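Take a look at the letters that make up each chain.
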2 protein chains.
Amino acid sequence: MITAQHGPQPADFADVRATNLAVVLRHVRRHAPCSRADIAAATGLNKATVSSLVADLIERRLVRESGLTEHRIGRPATMLVLDGTAYAGLGVTVATDQVTAVALDLAGEQLLSWRRAVTPGGAQNGVATTSPGRLTSAVTTVVGRAVNRLTAAGRQVLKLTVGVPGLVDADGTVRLASDLGWHDVDLRGELVRALRKPGYDVVVENDANLAVLAEFRFGAHAATANLIHVTNAAGVGAGIILDGRLVRGGLGYSGEIGHITVEPDGPACPCGRRGCLEAVAGAAAIVRHVRPQPDDAAVPDLAAEVEEVVRRARRADRTTLDVLNRAGRHVGRALASTVNLLNPEVVALGGHYVALAPWLLPAAEEELAAGSVAPGAGGCRLVASALGADAAAIGGAARLLDDLDGGLLPRPAGG
Amino acid sequence: MITAQHGPQPADFADVRATNLAVVLRHVRRHAPCSRADIAAATGLNKATVSSLVADLIERRLVRESGLTEHRIGRPATMLVLDGTAYAGLGVTVATDQVTAVALDLAGEQLLSWRRAVTPGGAQNGVATTSPGRLTSAVTTVVGRAVNRLTAAGRQVLKLTVGVPGLVDADGTVRLASDLGWHDVDLRGELVRALRKPGYDVVVENDANLAVLAEFRFGAHAATANLIHVTNAAGVGAGIILDGRLVRGGLGYSGEIGHITVEPDGPACPCGRRGCLEAVAGAAAIVRHVRPQPDDAAVPDLAAEVEEVVRRARRADRTTLDVLNRAGRHVGRALASTVNLLNPEVVALGGHYVALAPWLLPAAEEELAAGSVAPGAGGCRLVASALGADAAAIGGAARLLDDLDGGLLPRPAGG
């Protein structure tokens, strides 16, 4: 891949070919059915080069001839389409009480979408904790079943991406996932062992990063170059895309909006500190304020509890509306700092915030506008994610598509 | 230029040559004196290509033969060096009470460094304001003198970059510079007219962006991929580099750390809001707390006032130490939000904060560590900028070098 990091690198022809394979594949993904001539015209590559590249992609089972021809002056042109049958990408996300799995084909179509409840093992500051062993086991089970389903349908799984709410190192170690109660868990290593060294890539990633990648690819504001997704599946976290690229930071710990202090000496947070946005205005905190729990136990079945909050808000229950208004304001203030720093075009609220958005957004928008120095919050639109609560698992499955776009293609059979 | 934004673009050979010109020039800039054979060995380009590219660069007066040869097996190799004599880049920054100008040659060496006081025209919330006309006039005068000086030394100025503390649009309009009291000023247009359509590029940029570019190129932590420079020349602003690239945001309004609300209902800020970091802990605010001014007038000669604060701090004056400690804590809290969101490797404090750093940094580091969820603030080092208070003007002059690195080379004479 030719990159422009830290100054230009010498260009050579192997890089050029790899880039051009990805360009042709991308064109087919976007414009199928299309002919070789269409590809040449659109990309500026000459026809002989295109033919050679198409042959390569057919051999790798990424593209196939559709059997349709388009009649035009001269020879009928054979139309090419994605070969959707051969491969799949799998994304799995973990929260304290559930594991979600999504598989996509090369066109980005969903092949499966599962959710499996996991019983939390304990609680800490009112948040469920689940041992790495228990969750790994749940993930392994779900992955095994998904791979079997896909294999039975004739597909090869090329990549598994697991999304975790927390700080994830580049090698897949979960440095800190306070919402799960995890410290320094080699999740990637454990999964590779439990899955018996599978034939596909295994990657562990921060869940908010995966959610924003899904937002960028599939959301209502897809391809917005400066885009933030704030997820609230387990804790509260942000995935940040600037200038079309995912932000990771020096150690991969970017996007920790949930641990911005919004209330000095506020409620205790699972991370060990006090007054974090997550502890004040995360979904679990909202639920606790609306329906105080009898003890410090975890909120069981957070999704069901959030639905109850929604029902009460619809009935205009005063307490519920006040709680949502205050939470929205806290979110808006944290977003104001974010907008002042990054000037995003769109901020999408995801996870459990989607269901609560009708009541959170007005309050958040007011605080965001008041707290941003640029007029109109610098043009930032604050929306509820159109992808619903599963954005991170979708983004995980779509990592395979990111690889393809980047020129990392599966080898030809026997090659 | 081959870029990888939003997916791969078709690669063609004109791009490849432009890239390779830049690669060769960059190698000479870093490793001169060097031979054509050295360049070929280091870059992987073949010798005939290198010779052709070197001839091109010599014609553009970017590289020259040094007259030295290195004796080795076979023919003596002629050593190449940068042609430092032909060109210059000029950077000018504006604050309420001064204009700073720096010129650099292609090797990044300083050719001139001037500072010119400007009398503020008025005041607003204790901050000087200066009309666009008055400052444009001062900039024009300084630029005219600098260009004359450089031209007399046989150099052609290729680019002028003007740094402004505020929100600058992509076309060079200053949307808002509250510290100067400016709204919607077409500074680039005014300068081009005042300079009588000069033969060089004229660019207007946010001053903190220029400062971080200088930090990235010349600072003590040069080439750190995730690097933030917080300037305090006029207001407080941040330049943000992530993954080796400058962050601008959707409209170019990124980095407004000075307008993060750190004290609800706090002191009035020139931006029209209250409790901004700048109004609470900027240099002007620090000076006012140490030596309360009799009225709401601007702090005259901020640099001299900051020197007085430093003298008092060295004498361990209690009031002064308390003021600096509190200011440092506010800076640290704003940095904690920044670090949670972006996980930078280095944050450098610049402008007037450099002189105050010995007293600001300890307090800021404590709050930063306490406010960051990642252990050790995610590895972030908080330092005083080694570039002193002129980082932004240096960065402005260095924009020419960024152009060269990006393959935008001056045309050959007559070409």
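What counts, and where the lines are drawn
- Residues numbered from 1 in each chain as written.
- Chains lettered and ligands numbered in written order.
- Predicted model: local features only at pLDDT ≥ 70, side-chain atom pairs only at ≥ 80, totals over all residues.
- Heavy atoms only, no water.
- UniProt positions renumbered as here; feature names shortened; annotations may be inferred.
- Core = buried A, V, L, I, M, F, W, Y, C linked by side-chain atoms within 4.5 Å.
- Buried < 20%, exposed > 50% of the residue type's maximum accessible area, 1.4 Å probe, protein only.
- Contact = heavy atoms within 4.5 Å.
- Helix = DSSP H or I, 4+ residues; strand = E, 2+ residues; numbered from the N terminus.
- Pairing = 2+ DSSP bridges.
- Buried area = accessible area lost by both parts, 1.4 Å probe.
- Salt bridge = Lys/Arg side-chain N within 4 Å of Asp/Glu carboxyl O.
- Polar contact = N/O pair within 3.5 Å; in protein donor to acceptor, adjacent residues only side chain to side chain.
- Nonpolar A, V, L, I, M, F, W, Y, C, P; charged D, E, K, R; others polar.
- Least-squares fit on C-alpha atoms with pLDDT ≥ 70 in both.
- Domains from an automatic or database assignment.
- Axes fitted to C-alpha atoms, helices over the stretch in contact; angles between N-to-C directions.
- Parallel < 35°, antiparallel > 145°, perpendicular 65-115°, else oblique.
- Left-handed = near helix turned anticlockwise from the far one by under 90°.

An unreviewed UniProt entry annotates chain A as Xylose repressor originating from Virgisporangium ochraceum. In UniProt, chain A has this text filed under Sequence similarities (unreviewed entry): "Belongs to the ROK (NagC/XylR) family."

*Asks:* Can you lay out the nonpolar core for me, pointing to particular residues and giving the numbers?
*Replies:* In this structure, A:Val230, A:Ile257, A:Ile286, B:Val230, B:Ile257 and B:Ile286 are the most contacted members of the largest nonpolar core, which totals 87 residues. With near-sequence residues (within four places) excluded, B:Ile286 lies in contact with B:Ala281, B:Val309, B:Val323, B:Leu324, B:Ala327, B:Tyr353, B:Leu356 and B:Leu360. Membership of the second largest hydrophobic core comes to 45 residues, among which are B:Leu53, B:Leu82, B:Val212 and B:Leu246.

*Asks:* Go over the pairing of strand 14 (residues 237–242) of chain B with me, naming the residues and quoting the values.
*Replies:* All names here are of chain B. The buried fraction of strand 14 amounts to 6 of the 6 residues, a majority that puts the element mostly inside the structure. The alternating pattern of strand 14 places Gly 237, Gly 239 and Ile 241 on one face and Ala 238, Ile 240 and Leu 242 on the opposite face, and all of these are buried. Summarising the sheet, strand 13 (residues 227–231) and strand 14 pair through 5 bridges and their orientation is antiparallel. Looking at strand 14, one finds that His 229 is bridged to Gly 239. The loop that links strand 13 with its antiparallel partner strand 14 comprises 5 residues. Here strand 14 runs beside strand 15 (residues 245–246); their pairing, made up of 2 bridges, is antiparallel. Along strand 15, the bridge assignment pairs Leu 242 with Arg 245. Counting the residues in the hairpin turn of strand 14 and strand 15 gives 2 residues, including Asp 243, whose phi is positive at 55°.

*Asks:* Summarise the interface of chain A and chain B; cite the residues concerned and give the values.
*Replies:* Across the boundary between the two partners, chain A contributes 60 residues, which contact 60 residues of chain B. With both sides pooled, the region where chain A packs onto chain B buries about 4800 Å², and carbon together with sulfur makes up 66% of that total. Where chain A packs against chain B, one counts 0 salt bridges. Summed over the shared surface of chain A and chain B, the number is 20 residue pairs in polar contact (both at pLDDT 80 or more). Elements supplying a minimum of two residues to the side of chain A that touches chain B: helix 1 (13–31), strand 10 (174–177), strand 14 (237–242), helix 10 (318–342) and helix 11 (353–371) of chain A. Residue classes in the side of chain A that touches chain B are distributed as 28 nonpolar, 23 polar and 9 charged.

*Asks:* Would you mind going over the relation of the copies chain A and chain B in detail, with residue names and values included?
*Replies:* By a simple turn and slide, chain A fits onto chain B: the slide is 0.1 Å along the axis, the RMSD is 0.1 Å, and the turn is 180°. Interpreted geometrically, this transformation is the action of a two-fold axis. Most of the interface of chain A is mirrored in chain B: 100% of its interface residues are interface residues there too.

*Asks:* Go over the UniProt feature "domain: HTH marR-type" (unreviewed entry) in chain A, please, and point to the residues and values.
*Replies:* Mapped onto the present numbering, the UniProt feature "domain: HTH marR-type" (unreviewed entry) falls on residues 24–65 of chain A. Between the first and last C-alpha atoms of residues 24–65 of chain A the distance is 14 Å; the span itself is 69% helix and 7% strand.

*Asks:* Explain the sheet that holds strand 9 (residues 167–168) of chain A to me, using residue names and the numbers behind them.
*Replies:* Residue and element names in this part refer to chain A. On the basis of which strands lie adjacent, the open sheet formed by 3 strands has the order 9-10-11 and antiparallel pairing. Every interior strand has two partners, whereas the edge strands, strand 9 and strand 11 (182–185), have only one. Note that strand 10 and strand 11 share 3 bridges and pair antiparallel. Within strand 11, the residue paired with Val 174 across the bridge is Val 185.

*Asks:* Describe the domain arrangement of chain A, and please don't skip the residues or the numbers.
*Replies:* Each assigned domain of chain A is listed here: domain 1 (14–82), domain 2 (87–210 + 394–404) and domain 3 (220–389). The distance between the C-alpha centroids of domain 1 of chain A and domain 3 of chain A comes to 44 Å.

*Asks:* Lay out the environment of A:Gly154 with the relevant residues and their values.
*Replies:* Residue and element names in this part refer to chain A. Mapped onto the fold, Gly 154 is located in the loop between helix 4 (132–152) and strand 8 (156–164). Separated by 68 residues in the primary sequence, Gly 154 and Ala 86 place their C-alpha atoms 6.7 Å from one another. In contact with Gly 154, not counting residues within four places along its chain, are Thr 85 and Ala 86.

*Asks:* Summarise the environment of A:Leu400; cite the residues concerned and give the values.
*Replies:* Residues and elements named next belong to chain A. The topology assignment puts Leu 400 in helix 13 (residues 399–405). Classification of Leu 400 as buried rests on a relative accessible area of 5%. Along the sequence, Leu 400 and Ala 88 sit 312 residues apart, while their C-alpha atoms lie 7.9 Å from each other. Ignoring anything within four residues of it in the chain, the contact list for Leu 400 reads Ala 88, Gly 89, Leu 106, Leu 158 and Lys 159.

*Asks:* Explain the packing of helix 2 (residues 36–43) of chain B against helix 3 (residues 47–59) of chain B to me, using residue names and the numbers behind them.
*Replies:* Residue and element names in this part refer to chain B. Orientation of helix 2 relative to helix 3, taken along the N-to-C sense of each, is 120°, at an axis distance of 9 Å. By the angle class used here, helix 2 and helix 3 are oblique. The two elements helix 2 and helix 3 cross, and the hand of that crossing is right-handed. Residues Arg 36, Ile 39 and Ala 40 of helix 2 form the contact with helix 3, whose own contacting residues are Lys 47, Val 50, Ser 51, Val 54 and Ile 58. The residue makeup of the contact of helix 2 with helix 3, split by class, is 5 nonpolar, 1 polar and 2 charged.

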